[in-house]
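Structure assessment
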Amino acid sequence: MADDEDDIILAELDDEELVLQMHDDLYDGLKDEIEEGTNILLERDWTPYKILTEALVSGMKVVGDDFRDGILFVPEVLLAANAMKAGMAILKPLLAETGAPTIGRMVIGTVKGDIHDIGQNLVTMMMEGAGFEVKNIGINNPVEDYIAALEEFDADILGMSALLTTTMPYMKIVIDTLIEEGKRDKYTVLVGGAPLNEEFGKAIGADAYCRDAAVAVETAKDFMARKHNQMAG
Ligand code: B1M
């Protein structure tokens, strides 16, 4: 098996084969191969966004399915996550390099009890690439951390991420606390994460649910445009 893997020369594969091979390599947690594949696709003029979505995010879908079905376990999924992060690290500066002027400020973090951070790191990268300044406060955030970061960073937008059905209700605690402290109107609250949906976003009082990082960027831009129009008019 290992010998077969050694025989594959990534640079000799065509684009389609390479992407499929990267899905396999992600599944096997092969960080070096993911870095190499990412660099090859960049050399072939793939955009960073296309590499992210087609080679990396799609590959994680299989990992997630097999994790759910008890075929993969936490250590293997951690290796896959590390390989994914290595690919993302190469793309990060390229996505951030658009030179767009700052259009808004966002605090983003994963909620208390939840340590999944790949999705929110991806949202951070895409938001920065679109011209937002982002303070990413990482994982496992209690409400106090969100509020302190929002104030310190003078944010326009709060982004919250949750990947577990058991942690997503915590988003409501954060929003309710903002309401209790009279701060809710200062911020646009965007929420995301695999188990959420539009209905949940509405039910907890968020301004919008964002299905993926690209939607998060578009939604944030819309809210900032409305805010500027209100200020101007
Ligand atoms: Co976890 N895990 N995990 N896990 N894990 C899931 C989420 C799960 C669906 C797997 C499964 O069963 N199929 C399942 C949750 C089931 C449920 O609650 N419904 C699960 C479980 C059960 C667990 C543990 C409880 C397992 C255990 O210990 N028995 C445990 C919990 C730990 C904890 O948090 N307390 C656990 C642990 C882990 C690892 C540590 C091993 C690892 C995380 C590593 C890391 O993040 N650094 C891990 C991983 C990697 C996953 C899966 C496989 C992949 C998640 C991911 O990174 N996806 C995941 C399966 C899945 O989601 N299909 C799974 C790629 C990422 C780009 O997508 O995060 O959805 P996503 O982000 C998207 C959008 O959702 C959106 O944009 C992103 C980009 O397009 N988005 C936002 C996300 N956040 C946003 C915020 C926004 C806007 C958009 O704000 C504005």
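To be clear, the structure that these remarks concern was listed above.
Residues numbered from 1 in each chain as written. Predicted model: local features only at pLDDT ≥ 70, side-chain atom pairs only at ≥ 80, totals over all residues. Heavy atoms only, no water.

We now examine the coordination of the cobalt atom of the ligand. Coordination of the cobalt atom of the ligand by the protein involves just one donor, His116 (NE2), at a distance of 2.1 Å. Mapped onto the elements, histidine 116 comes out in the loop between β1 (104-110) and α6 (118-129). (Donors = N, O, S within 2.8 Å, 3.2 Å for Na, K, Ca; no water. Helix = DSSP H or I, 4+ residues; strand = E, 2+ residues; numbered from the N terminus.)

For the rest of this paragraph, the subject is the packing of aromatic side chains. Per the counting criterion, the structure on display carries zero aromatic pairs. One Lys or Arg, lysine 50, reaches over the ring of tryptophan 46 and ends 4.4 Å from the middle of that ring. (Phe/Tyr/Trp six-rings, centres within 6.5 Å; stacked < 30°, edge-to-face > 60°. Lys NZ or Arg CZ within 6 Å of the ring centre and 35° of its normal.)

The next point concerns the pairing of strand β3 (residues 157-161). With respect to burial, β3 is a largely interior element, five of its five residues being buried. Bridge analysis of β1 against β3 gives five bridges, and the strand direction is parallel. Directly across from methionine 106, in β3, lies its bridge partner isoleucine 157. Relative to strand β4 (residues 188-192), β3 runs parallel, the two being bridged by five bridges. The residue of β4 that forms the bridge with serine 161 is glycine 192. (Buried < 20%, exposed > 50% of the residue type's maximum accessible area, 1.4 Å probe, protein only. Pairing = 2+ DSSP bridges.)

With that settled, consider the site of the ligand. As a matter of local geometry, the ligand sits amid 34 residues, with Arg68, Ile115, His116, Asp117 and Ser161 nearest to it. Side-chain polar atom of lysine 85 to a nitrogen atom of the ligand: 3.5 Å apart, as the coordinates give it. Within the backbone of glycine 113, one N or O atom sits 3.0 Å away from a nitrogen atom of the ligand. Among the elements of the structure, α4 (48-68), α5 (74-96), β1, α6, β3 and β4 are those that each provide at least two residues to the shell around the ligand. A per-element tally of the shell around the ligand places α5 first, with five residues. Of the residues that constitute the shell around the ligand, the class distribution is 19 nonpolar, nine polar and six charged. (Near = heavy atom within 4 Å. Polar contact = N/O pair within 3.5 Å; in protein donor to acceptor, adjacent residues only side chain to side chain. Nonpolar A, V, L, I, M, F, W, Y, C, P; charged D, E, K, R; others polar.)

Turning our attention to the pattern of salt bridges. In the structure shown here, the tally under the stated rule is 15 salt bridges. Across the salt bridge formed by aspartate 15 and arginine 44, the nearest N and O atoms sit 2.7 Å from each other. Placement of the pair is aspartate 15 in helix α2 (residues 15-27) and arginine 44 in the loop between α3 (31-43) and α4, with a sequence separation of 29 residues. On the basis of relative accessible area, aspartate 15 is assigned to the partly exposed category, the value being 28%. For arginine 44, a relative accessible area of 27% puts it in the partly exposed group. One salt bridge in this structure joins aspartate 176 and lysine 172, with 2.8 Å as the shortest N-O distance. In this pair, aspartate 176 and lysine 172 are both assigned in helix α8 (residues 170-180), four residues apart and thus about one turn of the helix distant. Under the relative-accessibility criterion, aspartate 176 is labelled partly exposed at 27%. Classification of lysine 172 as partly exposed rests on a relative accessible area of 35%. Three or more residues joined by partner-sharing salt bridges are found here, namely Lys61, Asp65, Arg68 and Asp69. (Salt bridge = Lys/Arg side-chain N within 4 Å of Asp/Glu carboxyl O.)

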